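Structural overview for review
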Amino acid sequence: KYKFIDYKEKPDYEALSKRWDALYLQILGAIQSGAPIVILTFVTKNLKVVSVYTIFNMVIAGLNGILSIFISGLSASFGDVIAKGEQSILQKAYQEFELFYYMLITIVYSTAFILIMPFIRIYTSGITDINYNLPLVGFLFVLNGLLHNIKTPQGMLVISAGLFKETRVQTTIQGAIVIIIGMVLAPSIGISGVLIGSILSHFYRDIELAFFIPRNVTKISIRKSALRVVRIFASISIIWIPFLFVEVSLGGYFSWIKAAIVIAIFSTFVVVIINLLFEKENTIDATKRIVRMVKR
């Protein structure tokens with residue numbers, strides 16, 4: 001089928017020259033994701049505390065799994081554009097993707113901020129070995145998940161452009177923050193301590209990538225991305241405010257699902273209106289692109 005392939009051609013080993021840098025980043029990523037459980041296990045020496053962490057983390061892992069669907073395969077597409085040097089196409093496509101993804105995580109995580117504790121109460125109903133009703137832990141978990149996803153568009157371009165070696169130091173610092181802060185705070189405040197370490201590590205990486213990607217890949221002003229991040233937190237605050245005065249108390253999974261649908265629709269309405277007010281053209285273009293993708 002591929003008659004143009006010359007099987008006598010010498011292998012281009014240069015194409016695999018960055019494999020060890022890529023492996024290094026994958027190992028660091030595994031350390032960062034697994035460090036909280038290891039720290040809690042050895043520092044608190046209480047597997048019930050680890051169980052609490054695991055239950056909360058299950059929710060965030062589920063949300064991240066859903067969000068990963070929307071970026072699956074995009075690294076290769078953007079990599080092709082970068083390799084061809086099509087800068088204007090890269091800038092337009094990336095702007096639309098970043099805007100859409102930020103709108104998506106705003107909807108998902110604003111809903112999560114409101115509904116994570118009602119879900120945990122339902123899921124752990126009848127379990128009395130340890131207290132799972134920890135609103136502060138729930139808040140920190142959702143905040144950590146949000147900060148993790150804010151850097152997803154930029155992190156995707158690191159992979160697309162093959163900038164593994166260029167980001168080794170930054171990723172190492174990110175992993176070090178998780179471990180050091182977690183080890184320092186976990187003995188005194190337990191789960192909240194390791195979450196604060198993870199939050200600070202993501203916060204550092206969000207800021208670092210916000211400058212690194214425009215400077216090295218997209219050549220787009222950081223201002224737009226910064227304003228979009230501000231809108232994420234502003235939108236979540238607007239969505240969350242009414243529920244500070246209304247207690248969300250749900251009796252079972254069915255009522256929780258109904259509440260989740262209503263809150264997600266409300267969140268979508270708020271997010272779309274806010275983005276239309278500030279970025280009408282890009283919001284419409286991003287929406288049209290998504291509609292075309294769904295039709296295909």
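In what follows, the accompanying structure is described. (Residues numbered from 1 in each chain as written. Predicted model: local features only at pLDDT ≥ 70, side-chain atom pairs only at ≥ 80, totals over all residues. Heavy atoms only, no water.)

Concerning the nonpolar core
Phe 78, Ile 105, Tyr 109, Ile 120 and Ile 191 are the most contacted members of the largest nonpolar core, which totals 60 residues. Considering each element in turn, this core owes the most residues, 17 residues, to helix α4 (residues 87-123). Apart from residues no more than four positions distant in its own chain, Tyr 109 is found in contact with Ile 60, Leu 63, Asn 64, Leu 67, Val 142, Gly 145, Leu 146 and Asn 149. Membership of the second largest hydrophobic core comes to 13 residues, among which are Ile 114, Leu 115, Val 248 and Val 270. (Core = buried A, V, L, I, M, F, W, Y, C linked by side-chain atoms within 4.5 Å. Buried < 20%, exposed > 50% of the residue type's maximum accessible area, 1.4 Å probe, protein only. Helix = DSSP H or I, 4+ residues; strand = E, 2+ residues; numbered from the N terminus. Contact = heavy atoms within 4.5 Å.)

Some words on the side chain of His 202
By secondary structure assignment, the location of His 202 is in helix α8 (residues 191-218). With a relative accessible area of 6%, His 202 lands in the buried category. There is a polar contact of 2.8 Å between the side chain of His 202 and the side chain of Lys 151. If we skip the residues at most four places from it in the chain, His 202 touches Gln 32, Asn 144, Leu 147, His 148, Lys 151 and Gln 174. (Polar contact = N/O pair within 3.5 Å; in protein donor to acceptor, adjacent residues only side chain to side chain.)

Regarding the layout of surface pockets
Estimates place the volume of the largest pocket at around 1,200 Å³. Around the largest pocket, the lining is made up of 37 residues, and of these Gly 29, Gln 32, His 148, Lys 151 and His 202 lie nearest the centre. Listing elements by their share of the lining of the largest pocket, those giving two or more residues are α1 (19-44), α2 (47-68), α5 (135-150), α6 (152-160), α7 (168-189) and α8. Counting residues per element, the lining of the largest pocket draws most heavily on α1, at eight residues. In terms of residue class, the lining of the largest pocket is built from 16 nonpolar, 19 polar and two charged. (1 Å grid on protein atoms, 1.4 Å probe; cavity = no way out; pocket = protein on both sides within 12 Å on 5 of 7 lines; lining within 4 Å. Points joined across faces, edges and corners; volume = space filled by probe spheres on them. Nonpolar A, V, L, I, M, F, W, Y, C, P; charged D, E, K, R; others polar.)

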